[in-house]
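These are the residues of each chain, in order.
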Amino acid sequence: MLRYLGQRFVMMLVSLWLIATFTFMMMLAVPGDPFTGEKKLPPETLKNLRAAYHLDKSYPEQYLYYMKNLVMLDLGPSIKYTTRTVNQIISEGFPASAQLGVQAIILSLILGLTLGVIAALRQNRIPDYTATVIAVLGVSVPSFVMAPILQKYLGLEWELLPIATWEGFEYSIMPTIALAVLPLAMVTRLMRSSMLEVLSQDYIRTARSKGLSPSRVIMRHTLRNAILPVVTIMGPLTAGILTGSFVIEKIFSIPGIGKYFVDSVTNRDYPVIMGITIFYSAFLILMNFLVDMIYSWIDPRIKVGHKEAS
Amino acid sequence: MKKWVATTTAILMVLSMVLLAACGKDGSNAMAEKQVLNVGFISSEPPALDPLKGTDEISSLIMRHVLEGLVRLDEKGNPIPGMATKWDVMDGGKKIIFHLRDAKWSNGDPVTAQDFEYQWKRMLDPKNASEYAYQLFYLKNGEAYNQGKAKAEDVGVKALDPKTLEVTLESPTPYFISLTAFHALFPVNKKVAEKNPKWGTDAKTYVGNGPFLLKTWIHDKKIELVKNPKYWDAKNVKLTQINFPFIGDEQTEYQMYVSGSLDMNRNVPTDLAAKLLQEKKAKVIHQPSLYFYIFNTKKKPFDNAKIRKAFSMAIDREAIVKNVLGQGQTPATGWVPWGIPDFAQNKEWVQTHPSYIQPKANPAEAKKLLQEGMKEAGLSQLPEISIMYNTHEGHKKIAEAIQQMWKKNLGVDVKLTNLEWKVFLDNQTQGNFLVSRLGWIPDYMDPMTFLDLWVTGGGNNHAKYSNPQYDALIKQAKSTADQKVRMEAMHKAEEILARDVPVTPIYNYTQVYQLKDYVKGVKIEADGSFTFTYAYLTEK
């Protein structure tokens, strides 16, 4: 087990290094730099600026300089937000993004699993149809459409919740709902089909014929197996929610790091592009690792560390 | 008995009417008890609040409230006393002595001439890599120092004593005094900045000399300013607090304004602007800025002036502002937009010359010019022409409209090329285009900021236009403080642009905004920016 963990850790570092290197190369290949602006700067000023951010050096030198700092966990200064470092941007912005993401995941899991289970148990009846409609709507209505609708009705017309900004828990309710809609729909659909599949298995019939109570059959035998596909998608889904919430953060004016993910590319803010990409990649890699762990815990047939792993 | 009732009723009625009228009058103008203004203005974090680093509009807005320069500007853009009470211009406009008032920094230190000298040299110090260093290139040896070719002590700014600042310029620059109202030329507290170079990055360490203090700066969330009791004109500042939440989305900002959580909304959604203007729920500011198309004068067919002129003449600017934009913009009449003064005639520049560009297209004349131009250039047919613009719905719509106009009025097929912002800028700089869009916001309120763009080799001269006669006129205008001579030279230069058409102006910008009726005293500067220093709230 320890050996396996060690191997996984090395693999994670290698993946991160590869991502960092590719991002660095791609970033420099894109035309324009942080100082390309509508108003041209005098050449000397430009020279001073480029020197201040080490952009006057050759690409290999810049790369080595960046990697050296990265090892020390120093992600450098933001070029656009001159008073802040990338470490500050991440440490100040991530709590809001994380809170929003975690709330959305919890909401989508609780509701999605419940709806999925109910739909499967009441197949082709009203609860099933209701859950299916919710799932279809959730998948087909994008969050950037859902968000203004929520703002208009819950915020402006019925005055139940604040329209935007980030001052307390009640400010997080609407963005959480908007962000949770898609994963909720995905979890519902996945849970429903997975439940139906498990329910049709022989061992469930055997359990029932042995005279186990329906609730015991569901709780003990069905749920545990049916939840596996949901766990499988939780890794990328969690990372996706946390990294993909920039539209929601923008609409609800949430001080997260989502917007930097997009804006840093537009601004060619090199250290921010690198820093946030590496941070998110590390996060995604970690999530996948955790999911693998949870997976083997739920289903002991899947053993971590076995090469065949199937 | 009846008579008594009638008389009493009548008296009561009259009294109540008088009272109601009085209440109504007082009610609309009485100062509100709570003087807290919530402004929807900031779409994202201000990048920097130290004048050394702040270059954008948002940073400028906050700095203009927490700091103050030597002068401020009145509604027409003329300098009025700020930190300086008066100034003497000497030596044919090359030397200016500023006399400072008794003013204090928010930490109690006196504001001194040394603070200005320190900050200006700090701006120019090449080590500090300040983007706006060039705003001080007017100073003697300013540019040389920034290039490492002169020493700090050679720069033409010197504190003669704590209350007197001597400024020596490279050449007479009449707009330099107004330029000191620009945030890049604001002072910083020398003692504070020397002790803690990062003083400007946190509300706790921020020291200002403006009407407000930086109370809160929570990154990506909000800025809160409170009244500065030490400000020299504090008695006339009525707001106790201004809140600037950062709202990243126009629709959200609009909804917050409608719901009452904002008193002002500056980022009105484009699709709502025309409707709100019509319903008188929004107002419009004329910004002294210009939207134009650039012809690449180094590439065929636009190396020919007649062809350029033909394409310019085939644009129906009136249709663009009415049908495509609809936010109160006007068709451009020349190369200097509305709102820029002609200092010799004390009028707006656009009023002191004939319209060089007609709002409507002139297809007959345009076609004739195109044929003449093609003959001159020896072209039997035009090469493929493409309009390059950066990703933005507005630019796309304008490009599509002009594409149709050129097809209809000239019979020319035009392609559209849409590029991401920085890729677009890169191509523009490299000259990889035939026709491209651009907008220009003035650096200072003088026609020169629009006219010296087109001198040979100018950094922003993407048209690669070159005309020695034009260059000479701009040089002449830059070498004198005589406003009459300057304005005349610049008028002549603009006439040359009207003849050569290296770029073709399309329209003059506007800004649509919403402000609640109970907010009074908001000042809109000549350059279209907002100042809330003397704003106040009346009873709702």
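Rules used throughout
Residues numbered from 1 in each chain as written. Chains lettered and ligands numbered in written order. Predicted model: local features only at pLDDT ≥ 70, side-chain atom pairs only at ≥ 80, totals over all residues. Heavy atoms only, no water. UniProt positions renumbered as here; feature names shortened; annotations may be inferred. Helix = DSSP H or I, 4+ residues; strand = E, 2+ residues; numbered from the N terminus. Pairing = 2+ DSSP bridges. Axes fitted to C-alpha atoms, helices over the stretch in contact; angles between N-to-C directions. Contact = heavy atoms within 4.5 Å. Buried area = accessible area lost by both parts, 1.4 Å probe. Salt bridge = Lys/Arg side-chain N within 4 Å of Asp/Glu carboxyl O. Polar contact = N/O pair within 3.5 Å; in protein donor to acceptor, adjacent residues only side chain to side chain. Nonpolar A, V, L, I, M, F, W, Y, C, P; charged D, E, K, R; others polar. Buried < 20%, exposed > 50% of the residue type's maximum accessible area, 1.4 Å probe, protein only. pLDDT = per-residue confidence, 0-100. Domains from an automatic or database assignment. Patch = residues over 30% accessible without salt bridge, like charges linked within 9 Å, V, L, I, M, F, W, Y side chains within 5 Å. Areas by Shrake-Rupley, 256 points an atom, 1.4 Å probe, with all protein chains shown as cover. Arc of directions from axis to C-beta.

### As for the UniProt feature "transmembrane region" (unreviewed entry) in chain A
All names here are of chain A. Under the present numbering, the feature "transmembrane region" (unreviewed entry) in UniProt falls on residues 9-30, 100-121, 133-151, 171-191, 226-252 and 272-291. End-to-end, the C-alpha atoms of residues 171-191 are 30 Å apart, and along that stretch the chain is 100% helix and 0% strand. Taken end to end, residues 272-291 comprises 100% helix and 0% strand; its first and last C-alpha atoms sit 28 Å apart.

### Points about the sheet that holds strand E7 (residues 164-168) of chain B
What links the strands of a sheet is backbone hydrogen bonding, and the strands pair in either a parallel or an antiparallel sense. Residues and elements named next belong to chain B. The sheet built from four strands is open, its strands ordered E4-E5-E7-E6 with antiparallel pairing. Each of the sheet's edge strands pairs with one partner strand only, and the pair in question is strand E4 (84-90) and strand E6 (157-161). Each neighbouring strand pair of the sheet contributes to a mean axis angle of 20°, computed without reference to strand direction. For strand E5 (residues 95-100) and E7, the ladder comprises five bridges, and the chain directions are antiparallel. Each bridged residue has a counterpart across the sheet, and for Phe 98 the counterpart in E7 is Leu 165.

### Points about the interface of chain B and chain A
Contact with chain B, which involves 46 residues of that partner, is made by 43 residues of chain A. Both faces combined, the contact of chain B with chain A buries some 3,800 Å², and carbon together with sulfur accounts for 57% of it. When the buried area of chain B at its contact with chain A is split by residue, Asp220(B), Gln255(B) and Lys422(B) rank highest and sum to 19% of it. Where chain B meets chain A, there are seven salt bridges. Across the pair Lys39(A) and Asp443(B) runs a salt bridge, and its minimum N-O distance is 2.8 Å. Counting every contact that joins chain B to chain A gives 20 residue pairs in polar contact (both at pLDDT 80 or more). At the level of elements, helix H7 (250-259), helix H13 (421-430) and strand E18 (435-440) of chain B are the ones that each hand at least two residues to the side of chain B that touches chain A. Broken down by element, the side of chain B that touches chain A gets its largest block of residues, six residues, from H13(B). Looking at the side of chain B that touches chain A, its residues break down into 19 nonpolar, 15 polar and twelve charged.

### What to know about the pairing of strand E12 (residues 283-295) of chain B
Residue and element names in this part refer to chain B. The buried fraction of E12 is high, at ten of 13 residues. Sheet analysis places E12 next to strand E19 (residues 503-515), joined by nine bridges and oriented antiparallel. Its bridge partner lying in E19, Ile 294 is registered against Val 503. Alignment of E12 against E18, held across six bridges, turns out to be antiparallel. By the bridge assignment, Tyr 293 is partnered in E18 with Arg 437.

### Looking at the confidence of the model for chain B
Detailed conclusions should not be drawn from predicted coordinates in areas where pLDDT is low. Confidence in the prediction of chain B, expressed as mean pLDDT, is 93, and 95% of residues score 70 or more. Predicted complex, confidence summary: ipTM 0.86, pTM 0.89.

### With respect to the domain arrangement of chain B
All names here are of chain B. We note that the domain assignment places domain 1 (50-196) and domain 2 (286-510) within chain B. Summarising the inter-unit geometry, the C-alpha centres of domain 1 and domain 2 are found 34 Å apart. Of the residues lining the interface, eleven residues belong to domain 1; the matching set on domain 2 comes to eleven residues. Overall, the association of domain 1 and domain 2 removes approximately 840 Å² of surface from exposure, summing both partners, and the carbon and sulfur fraction of that is 59%. Ranking the residues of domain 1 by area buried against domain 2 places Pro 172, Pro 174 and Tyr 175 at the top, with a combined share of 54%. Between domain 1 and domain 2 we count zero salt bridges in total. Across the side of domain 1 that touches domain 2, the residue classes tally to six nonpolar, five polar and no charged.

### Let's talk about a nonpolar patch on the surface
Where nonpolar side chains cluster on the molecular surface, the patch consists of Val10(A), Val14(A), Trp17(A), Leu18(A), Phe22(A), Met25(A) and Met26(A) and spans about 710 Å² of accessible area. Locating Leu18(A) in the fold gives a position in helix H1 (residues 2-29).

### A closer look at the confidence of the model for chain A
Counting all residues, the mean pLDDT for chain A is 88, and 96% of those residues have values of 70 or more. Across chain A, the secondary-structure element scoring lowest on mean pLDDT is helix H10 (residues 228-243) of chain A, at 81, and the one scoring highest is helix H3 (residues 59-71) of chain A, at 95.

### Digging into the side chain of His219(B)
Of note, His219(B) is situated in the loop between strand E8 (212-218) and strand E9 (222-227). We classify His219(B) as buried; its relative accessible area is 16%. Here Glu45(B) takes part through its side chain, which lies 2.5 Å from a polar atom of the side chain of His219(B). Among all residues touching His219(B), those that are not within four sequence positions of it are Arg84(A), Glu92(A), Pro255(A), Glu45(B), Thr201(B) and Phe246(B).

### A look at the pairing of E7(B)
All names here are of chain B. Among the five residues of E7, five are classified as buried, and the element is accordingly described as predominantly covered. Along E7, one buried face is formed by Thr 164, Glu 166 and Thr 168 and the opposite face, lined by Leu 165 and Val 167, is buried too. Pairing geometry for E6 and E7, over four bridges, is antiparallel. When the bridges of E7 are listed, Asp 161 appears paired with Thr 164. The turn joining E6 and E7, which pair antiparallel and follow one another in sequence, is formed by two residues.

### Brief notes about helix H15 (residues 468-478) of chain B
Residue and element names in this part refer to chain B. Among the residues of H15, Tyr 470, Asp 471, Leu 473, Ile 474 and Ala 477 are the ones counted as buried. End-on, the buried residues of H15 take up no more than an arc of 160°, which puts them together on one face. Exposed residues pointing more than 90 degrees away from the buried face of H15 are listed as Pro 468 and Lys 475. Structurally, H15 contributes buried residues whose contacts are with helix H14 (448-451) and helix H16 (483-500). If you check the start of H15, you find a side-chain oxygen 3.0 Å away from the backbone N of Gln 469, and it comes from Asn 467.

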